[in-house]
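Okay, here's what each chain looks like letter by letter:
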Amino acid sequence: MLPVDVIAAVLYYTLTRDHMEPRAAGGGLWAWMALSIVAGWAVTLLATQLAVRSLSRQAAPPVELRSKIAWICGGIRGACLVLYLFQLNVIGWPGTAVQDMRSWSLCLDALVGLAPFVILLTGAWLPMRPLERLLDPRPWTTWGYARFRFQYTFFIMIPWLCLWAVMDAVRWGMGGSSVEWLASEGATTVATLIGAVLVAVAYPAVLVRFWRCRRLPDGPLRTALEELQRKAGARFSDFLIWPLGSGMLINAAALGYVRPFRYMLLSEGLLERLTGPELMAVAAHELGHVRHRHLVWYLMLTMAFMAFFVRLSEWTLSVHVQAVVLCLLFAVYLRVVFGFISRRFERQADLFSVLMMDGADPLACGLEKIAFFTGHPRTARCWHHRSIDERIRFIREAEREPTIRRRHDHDVGVIKRIILLSCAALVLATASDFLGDRPAGTGAWRSAGRDARAEEGRYRRVLELIPGDAEASEALAAMALSGQLSASPTEIEGWIADAISHAPDPLRRARAEALRARLAASVAEERRPDSDIHP
């Protein structure tokens, strides 16, 4: 299950990190942060204790009990997210100290910015453990439970942090004309998308180590899996044992877009409870994802959504409202668009398994066992999967009527063509911005349609706290040259000089030099050196 709360926190901080109200990073800030975290933990402890007492007295059936516990745990995680937003917008985390850190490393800034949410959520898991024990009585140690929750909650942050690390490497390593080229807004967008693709390709190799997966030993099972993948015409670089929930959870997964970083994960619970033919059917399902290139299409869909995000960043809304709207849109995208496509891809993988196993019985029996041992109702639906009952009925019908598989393959082909056309349209739109006649140097600081007066006030407050701050100086100069505030050429030149002298890397220095060139051209055109500039 995707940790939607973590994704929302990452998105919100990423979109608003350059627009936070500055707070001096003194003792008051740290005291308020500590108080808010302790208060959050105390409320979580009280809520879970009351919930455990209430549910322990009820004789609710397991299905109803599972639903209530899921709602309570989801509410606690949502409350942690709301408290984190309060820390960002009211308390003022991370304060001015991290602005200096950001000029040196974007990745380190991201880690510090998300640290309160990680601490809040980590502290909330331990009080939630007695609540989950009502359904999950496995004898976990406190450390084992905390490690499991950390590994399967914050794994989604790895590609995000890796992307910032790549951007840091670009900032530190580029120079000369390459840096001037990267200073443009279109180049930044293209570089971000390329970096995201590279991170996504290598991400599985990092993830399997983060999850502490281990190689499936040589033996009859591994030999059978290798023979099955040769028959399917799809290859994995390795088969790994997935330590998912101390053997209590039953699942399998295919990870990776290219063969050197492509893995099949089989959980310990799956290997213990399914027979040989049932395991082969589940493995054939994962091979179906690779054979039909579902993972590549998921990547294209995600890249299209990222490009769509870039387009929406031009809305005439305040940045915080825009961040909330985009987080809500992402939730809709995940549940509606991604969920719709995922359910059809999963059915196509089921049909591939039936084809590879010469019948529906092995997969149907495996699904029945998964439903029994996990305790999930056969009729319970998931946002990215059909219910177990629906999946079994569908493959049984497809076994009796072969035209069902052909019709479903045709429908999936239509979906893939729509994804391809959407990607092409967004790439063309981005390319037109990149190749268009946009002024250089205004990329990260373009505030068209936003409240310029509030932006100006915020950046001036930054300069009061941190005289000569490169980011604020560059922002004010860019706003003045874009006509969003009135300033004399002397004042603009002072901002540009500060931006150049305090620039932490060649990329920012190149942007400031581009602003100086625009100022010189504007002054020459106006031919009034002491007048205000309104390009």
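Residues numbered from 1 in each chain as written. Predicted model: local features only at pLDDT ≥ 70, side-chain atom pairs only at ≥ 80, totals over all residues. Heavy atoms only, no water.

All chains considered together, the criterion is met by 16 salt bridges. Where Arg 391 meets Asp 350, a salt bridge forms, and the shortest distance between an N and an O atom there is 2.9 Å. With Arg 391 in helix 16 (residues 388-400) and Asp 350 in helix 14 (residues 319-356), the pair connects residues that are 41 residues apart, well separated along the chain. Pair check on accessibility: Arg 391 and Asp 350 agree, each one buried. Salt-bridge contacts for Glu 493 lead to Arg 516; the nearest nitrogen and oxygen are separated by 2.7 Å. Taken together, the residues span a long stretch of sequence, with Glu 493 in helix 20 (residues 489-501) and Arg 516 in helix 21 (residues 506-526) at a distance of 23 residues. Residue classification places Glu 493 among the partly exposed residues on the basis of a relative accessible area of 28%. (Salt bridge = Lys/Arg side-chain N within 4 Å of Asp/Glu carboxyl O. Helix = DSSP H or I, 4+ residues; strand = E, 2+ residues; numbered from the N terminus. Buried < 20%, exposed > 50% of the residue type's maximum accessible area, 1.4 Å probe, protein only.)

Below, the discussion takes up the nonpolar core. Of all hydrophobic cores here, the largest spans 106 residues; its most connected members are Leu 114, Phe 117, Trp 160, Trp 211, Leu 265 and Leu 270. For Trp 160, the residues in contact, after removing those within four places along its chain, are Val 10, Tyr 13, Thr 14, Ala 110 and Leu 114. The next biggest cluster of nonpolar side chains, apart from the first, holds 21 residues, and it includes Tyr 459, Ile 496, Leu 515 and Leu 519. (Core = buried A, V, L, I, M, F, W, Y, C linked by side-chain atoms within 4.5 Å. Contact = heavy atoms within 4.5 Å.)

This brings us to unusual backbone geometry. Backbone geometry places Arg 212, a non-glycine residue, at a positive phi of 60 degrees. By the secondary structure assignment, Arg 212 is in the loop between helix 9 (185-210) and strand 1 (214-215). The phi dihedral of Arg 293 is positive, around 55 degrees, even though this residue is not glycine. Looking at the secondary structure, you find Arg 293 in the loop between helix 12 (276-291) and helix 13 (294-312). Classification of Arg 293 as exposed rests on a relative accessible area of 54%.

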